Amino acid sequence: MNFEGQVAVVTGAGGGLGRAHAIALAERGVKVVVNDMGTPTGVSAGQSPAAGVAAEIRAAGGEAFAYLCDVTDAEAVAGMVTETVARWGRVDILINNAGILRDKSFAKMDLEQVRQVLDVHLMGSVHCTKAVWPHMVERGYGRILMTTSASGIYGNFGQANYGAAKSGLVGLMNVLAIEGERKGIRVNALAPTAATQMTEGLIDEHILGMLTPESIAPGALFLVSEGAPTKTILAAGAGVFAVAQMKESAGVFLREDDRSPEAIAERWAEISDMSAPVVTGSAFDQTKRYAAIAGTESGAVP
């Protein structure tokens, strides 16, 4: 895949997954903006983890600079994109990777912990995407990657805030993929799984050692490549890659005189039958499909 000369912004790239994405892109000739939050008190910007990653890229012969800002600050994010375009003239790729965890059971979680996680993961991605969107529209090309999670797709104990934010990113991807299609902008989501404290003692140590950020980065690069799909969720971890999808059952029409909760309960096996699932392109496509079924079953449509 040819990325030579492209420009990418990677958020939360001072370490972990973001660092792996940034370095992998740079190895393919991409000029990389290594974004991360500011530094602790007493630590200079030049000593930040983001600056270290940018220096690592430059030492290997690549081009990169670090830009420290909080993705929850829309004005600061806009400044980052303005500086990127001023330096390099374009933004081809955005990887929304910045995130935080505030894990607790929902009963013990306070509302501020919900807001914090939503602000960083969801609104942070909105801010960054909003900042690059007009530049991508103008050039007729763009690749945007959201970072979702199995916690948002399937759920996970103690992560109501995180799961809600990550599921929200799937919704954002779905809409932007539709809106960006005719503008040359493709939008996807990566659902990475890596070794965490939660997996300690539950997974074999050898397997834990395989759950590295570097095992996931190839999936990120594919999703921001020129030939990438759009509106796709790619799950990745330990070198395993799989597509996750939202599907519906075929649907069962109930006539008006039989529309009751009792009828739904009686025909639940049919309604919930996923043997012939349907992947729906958009909310309007769903409406058209339901209308077609109802029209045919009721006799309203010959």
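If you're wondering where the values come from, they're calculated on a predicted model, not measured in any experiment. (Residues numbered from 1 in each chain as written. Predicted model: local features only at pLDDT ≥ 70, side-chain atom pairs only at ≥ 80, totals over all residues. Heavy atoms only, no water.)

A. Spatial organisation of the overall build of the chain. For the chain, the count of helices and strands is 11 helices and eight strands. Judged by the C-alpha coordinates and their principal axes, the chain covers about 70 × 50 × 35 Å. When the 302 residues of the chain are sorted by exposure, 41% land in the buried category. Considering only contacts within the chain whose residues lie at least 6 apart along the sequence, 70% involve residues at least 24 apart. In the form shown here, the chain has an accessible surface area of approximately 15600 Å², with 56% of it arising from carbon and sulfur atoms. (Helix = DSSP H or I, 4+ residues; strand = E, 2+ residues; numbered from the N terminus. Buried < 20%, exposed > 50% of the residue type's maximum accessible area, 1.4 Å probe, protein only. Contact = heavy atoms within 4.5 Å. Areas by Shrake-Rupley, 256 points an atom, 1.4 Å probe, with all protein chains shown as cover.)

B. Region of the structure containing the nonpolar core. Counting residues in hydrophobic clusters, the biggest one holds 39 residues, and the most contacted among them are Ile144, Met146 and Val187. Where this core is concerned, the elements lending two or more residues are β1 (7–10), β3 (64–68), α3 (74–88), α4 (111–139), β5 (142–147), α6 (160–180) and β6 (185–192). Per element, the largest residue contribution to this core is eight residues, and it comes from α6. Filtering out sequence-adjacent residues up to four positions away, Ile144 remains in contact with Leu94, Asn96, Thr129, Val132, Trp133, Met136, Ile185, Arg186, Val187 and Asn188. Core analysis: the next-biggest nonpolar cluster, separate from the first, contains 31 residues, Ala20, Ile23, Leu190 and Ile216 among them. (Core = buried A, V, L, I, M, F, W, Y, C linked by side-chain atoms within 4.5 Å.)

C. Inspection of the environment of Gly237 at higher detail. Here Gly237 lies in strand β7 (residues 233–237). Given the relative accessible area of 8%, Gly237 is considered buried. Along the sequence, Gly237 and Thr193 sit 44 residues apart, while their C-alpha atoms lie 5.0 Å from each other. If we skip the residues at most four places from it in the chain, Gly237 touches Thr193, Leu211, Ser215 and Ile216.

D. The arrangement of the sheet that holds β3 in detail. Ordered in space as β3-β2-β1-β4-β5-β6-β7-β8, the eight strands form an open sheet in which the pairing is mixed. With partners counted over all chains shown, the strands left at the sheet margins are β3 and β8 (240–244), one partner each. Each strand axis lies, on average, 20° off the axis of its neighbour in the sheet, ignoring direction. Bridge count between β6 and β7: four bridges; the pairing is parallel. Note on β7: the bridge partner recorded for Ala191 is Ala235. Its contacts with the sheet place α3 against β1, β2 (31–36) and β3, and it is angled at close to 160° to β3. Each of β4 (93–96), β5 and β6 touches α4; the most contacted strand, β4, lies at about 175° to it. (Pairing = 2+ DSSP bridges. Axes fitted to C-alpha atoms, helices over the stretch in contact; angles between N-to-C directions.)

E. Quick look at the side chain of Thr147. Structurally, the position occupied by Thr147 is in strand β5. Side-chain polar atoms of Thr147 contact the backbone oxygen of Asn96, separated by 2.6 Å. Apart from residues lying up to four places away in sequence, Thr147 is in contact with Asn96, Asn97, Lys166, Leu169, Leu190 and Pro192. (Polar contact = N/O pair within 3.5 Å; in protein donor to acceptor, adjacent residues only side chain to side chain.)

F. Representation of the environment of Ala242. Take Ala242: it is sitting in strand β8. Residue classification places Ala242 among the partly exposed positions, given a relative accessible area of 39%. With 51 residues separating them along the chain, Ala242 and Ala191 place their C-alpha atoms 9.5 Å apart. Residues contacting Ala242, with those up to four places away along its chain left out, are Ile233, Leu234 and Ala235.

G. Up close: the packing of α4 against α6. Here α4 crosses α6 at 20°, and the two axes come no closer than 8 Å. What the angle tells us is that α4 and α6 run roughly parallel. The hand of the α4/α6 crossing is right-handed. Residues Gln113, Val114, Val117, Leu118, His121, Leu122, Ser125, Val126, Thr129 and Trp133 of α4 lie in contact with α6, whose contacting residues are Asn161, Tyr162, Ala164, Ala165, Lys166, Gly168, Leu169, Leu172, Leu176, Glu179 and Gly180. Counted by class, the contact of α4 with α6 contains 12 nonpolar, seven polar and two charged residues. (Parallel < 35°, antiparallel > 145°, perpendicular 65-115°, else oblique. Left-handed = near helix turned anticlockwise from the far one by under 90°. Nonpolar A, V, L, I, M, F, W, Y, C, P; charged D, E, K, R; others polar.)

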